[in-house]
Amino acid sequence: MSARPRMVSLSVVALTAGLVLLAQVLAIGGCLVRGARPATSATPTRAPRAVSIDPGTPTATATPVATPTATTPPTSTPRPTSTPRPPTDTPTPTDTPAPTAEGLPADAIGATSDVSDTVETPLNTGIAITPRVDDPASPFYNTMWVGLYGTPGGRGLGILGTASPTETVVMAVQQAEAYQALLPGIRIIPFFHMVVTIADAHPGPDGDYVHRVSGERIQSWIDVARANGLVCVLDVQPGYSPIESELAYVDPFLRQPGIHLALDPEFMMLDGVSVPGQRIGTMTGAHVNQAQAWLDVIAAETGERKVLVIHQFDDRMLSGKESVIDYPSVSLVWDSDGFGGPGAKIADYQQYADEPGFEYGGFKLFYDYDVPLMDPADVVVLDPLPAFVVYQ
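Fair warning: this is a prediction, and the values are worked out from it, not measured in the lab. (Residues numbered from 1 in each chain as written. Predicted model: local features only at pLDDT ≥ 70, side-chain atom pairs only at ≥ 80, totals over all residues. Heavy atoms only, no water.)

Novice: Let's hear about the overall build of the chain: which residues, and what values?
Specialist: Check the secondary structure of the chain and you find seven helices and eleven strands. Here the chain, with 392 residues, has 43% of them falling under the buried criterion. In the chain, once contacts between residues fewer than 6 apart in sequence are set aside, the share between residues at least 24 apart is 77%. Accessible surface, the chain: about 20,700 Å² in total, of which carbon and sulfur atoms supply 59%. (Helix = DSSP H or I, 4+ residues; strand = E, 2+ residues; numbered from the N terminus. Buried < 20%, exposed > 50% of the residue type's maximum accessible area, 1.4 Å probe, protein only. Contact = heavy atoms within 4.5 Å. Areas by Shrake-Rupley, 256 points an atom, 1.4 Å probe, with all protein chains shown as cover.)

So, in structure tokens, the structure goes:
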């Protein structure tokens, strides 16, 4: 009886163990059927690398960018300048005035020195003129000359030459009357300022880069001027011609009463290579003395004091002013030449008045190039009062 129960117990234990084993097998088989990966240690995945983006830079998109249509870039407006600048020693390529029968325009260079037009000037501030105390033998004793500049050879150098001699007399007198109305205590004399040796941009047959107005034409204009009470100034642009050659050419006219001389250093080329009108010429104090000495002889022989006018608008045009001699029989006028605004013109005039060799002041105005053109009322308040005023 005792052995049977033991066998039953073992059978139960074996049955139980078999059921457990079967359950595990079935569990594993179920996992394999579903394809699930058995649990293992997780392998870390690499996170995407962060890209730093400038917040101010827009992110590019796949949207096509339209091709810009070509447009003409805007043209910059030139910066205004106070005055025309003077030329430099190395000229900027420009359209050189074409030579004509009348030669180069007298304003082929011609701008005033580079002085700001913001300079305070006594324009239209009233007129309080005291007649100058001067040598009674001087042509400028209590007198101002007011005239017109150009060439009797034709148009191109100024207002003189744009009309007949008789018509030019009328214009000169009208311009002089504007000054007489302002200066009742001073005698105003109209005059012709005639360029008779004219600088050219080509050498010509003599290689001197000048041509001359014929003696017959010069005399015809002198005769009309004298008949109407005008004086005349004969202007020389030497080019490469020696000063003495040009003085000899005008000598017969200078011996006539009321005929005087002007020299233009702008067109005197001493360097031997420059072309008139393309670079500023120059003159020395010795040349001024040479012309004065020639006039001094004429004055002694004719009994009339002569006037010598020297044009200047740039410091490079004259050297050796300290060597200029005072010839008692010659009245020397330093003419402040050059076009531009009032500030620059007045500054040049005052500078020359303070330099050696100054005796009388001259002042040139340009009808077409001075902006603005000074009124006679602006000119007569200059200090010192100009003895010589000429319009080109």
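More follows now that the structure is in view.
Novice: Can you lay out helix α4 (residues 243-254) for me, pointing to particular residues and giving the numbers?
Specialist: Taken residue by residue, α4 has I243, E246, L247, V250, D251, F253 and L254 as its buried positions. One side of α4 holds all its buried residues, which, seen down the axis, span an arc of 160°. (Arc of directions from axis to C-beta.)

Novice: Summarise the environment of P376; cite the residues concerned and give the values.
Specialist: Secondary-structure assignment places P376 in helix α7 (residues 376-379). Each C-alpha atom, one on P376 and one on L182, is 8.0 Å from the other, the two residues being 194 residues apart in sequence. Beyond its immediate sequence surroundings of up to four residues, P376 is in contact with Q175, A178, Y179, L182 and Y391.

Novice: Quick one: what's the story with the packing of α4 against helix α5 (residues 285-302), residue by residue and with numbers?
Specialist: Close contact between α4 and α5 brings their axes to 11 Å; oriented N to C, the two are set at 25°. In this view, α4 runs roughly parallel relative to α5, as classed from their interaxial angle. Seen along the crossing, α4 lies across α5 with a hand that is right-handed. Seen from α4, the contacting residues are I243, E244, L247, A248, D251 and L254; seen from α5, they are H287, Q290, A291, W294, L295 and I298. (Axes fitted to C-alpha atoms, helices over the stretch in contact; angles between N-to-C directions. Parallel < 35°, antiparallel > 145°, perpendicular 65-115°, else oblique. Left-handed = near helix turned anticlockwise from the far one by under 90°.)

Novice: Just give me the short version of the pairing of strand β7 (residues 306-312), but keep the residues and values in it.
Specialist: In summary, the side chains of a regular strand alternate between the two faces of the sheet. The buried count for β7 comes to seven of seven residues, which makes it a mostly enclosed element. Of the two faces of β7, both are covered, the one formed by K306, L308, I310 and Q312 as well as the one formed by V307, V309 and H311. Judged from the three bridges that link them, strand β5 (residues 259-263) and β7 form a sheet pairing that is parallel. In the sheet register, L261 faces β7, and the bridge partner there is L308. (Pairing = 2+ DSSP bridges.)

Novice: Explain the pattern of salt bridges to me, and be specific about the residues and the numbers.
Specialist: Tallying each qualifying case throughout the model produces twelve salt bridges. For the salt bridge of E301 with R255, the shortest nitrogen-to-oxygen distance reads 2.4 Å. Note that E301 is positioned in helix α5 and R255 in the loop between α4 and β5, a separation of 46 residues in sequence. A relative accessible area of 52% places E301 in the exposed class. With a shortest N-O distance of 2.8 Å, R316 and D314 are connected by a salt bridge. (Salt bridge = Lys/Arg side-chain N within 4 Å of Asp/Glu carboxyl O.)

Novice: Give a description of unusual backbone geometry that names residues and reports values.
Specialist: The peptide bond linking V371 to P372 adopts the cis configuration, its omega dihedral lying at -5°. Inspection of the secondary structure assignment puts P372 in the loop between β10 (360-365) and α7. Between D383 and P384 the backbone carries a cis peptide bond, its omega angle lying at 5°. Its place among the elements puts P384 in the loop between α7 and β11 (388-391). Positive phi, close to 60°, is recorded for Y209, a residue that is not glycine.

Novice: Give a detailed account of the packing of aromatic side chains, specifying residues and quantitative values.
Specialist: In total, this model carries eleven aromatic pairs according to the counting rule given. The interplanar angle of 75° and the centroid separation of 5.8 Å between the aromatic rings of F339 and F366 together place this pair among those described as edge-to-face. Here F339 is found in the loop between β9 (330-336) and α6 (342-353), whereas its partner F366 is found in the loop between β10 and α7, with 27 residues between them in sequence. Accessibility assignment for this pair places F339 and F366 in one class, buried. Through a chain of ring-to-ring contacts, three or more aromatic side chains come together here, namely F140, W145, F191, Y360 and F388. (Phe/Tyr/Trp six-rings, centres within 6.5 Å; stacked < 30°, edge-to-face > 60°.)

Novice: Before we move on, can you summarise the side chain of Q292 with the specific residues and values?
Specialist: When you line up the elements, Q292 lands in helix α5. Excluding its chain neighbours within four sequence positions, the residues that come into contact with Q292 are L308, V324, I325, Y327, V330 and L332.

Novice: Just give me the short version of α6, but keep the residues and values in it.
Specialist: Three or four residues apart is the spacing at which side chains of an α-helix point the same way, because the helix has 3.6 residues per turn. In this model α6 runs 16 Å from its N-terminal to its C-terminal C-alpha over twelve residues, within 8% of the 16 Å that 1.5 Å per residue would give. Counting buried residues along α6, nine of its twelve residues qualify, which places the element largely inside the surrounding structure. If you follow the buried residues of α6, they end up packed against β7, β9 and β10. (Expected span 1.5 Å × (residues − 1).)

None of this, on its own, says anything about what the molecule does.
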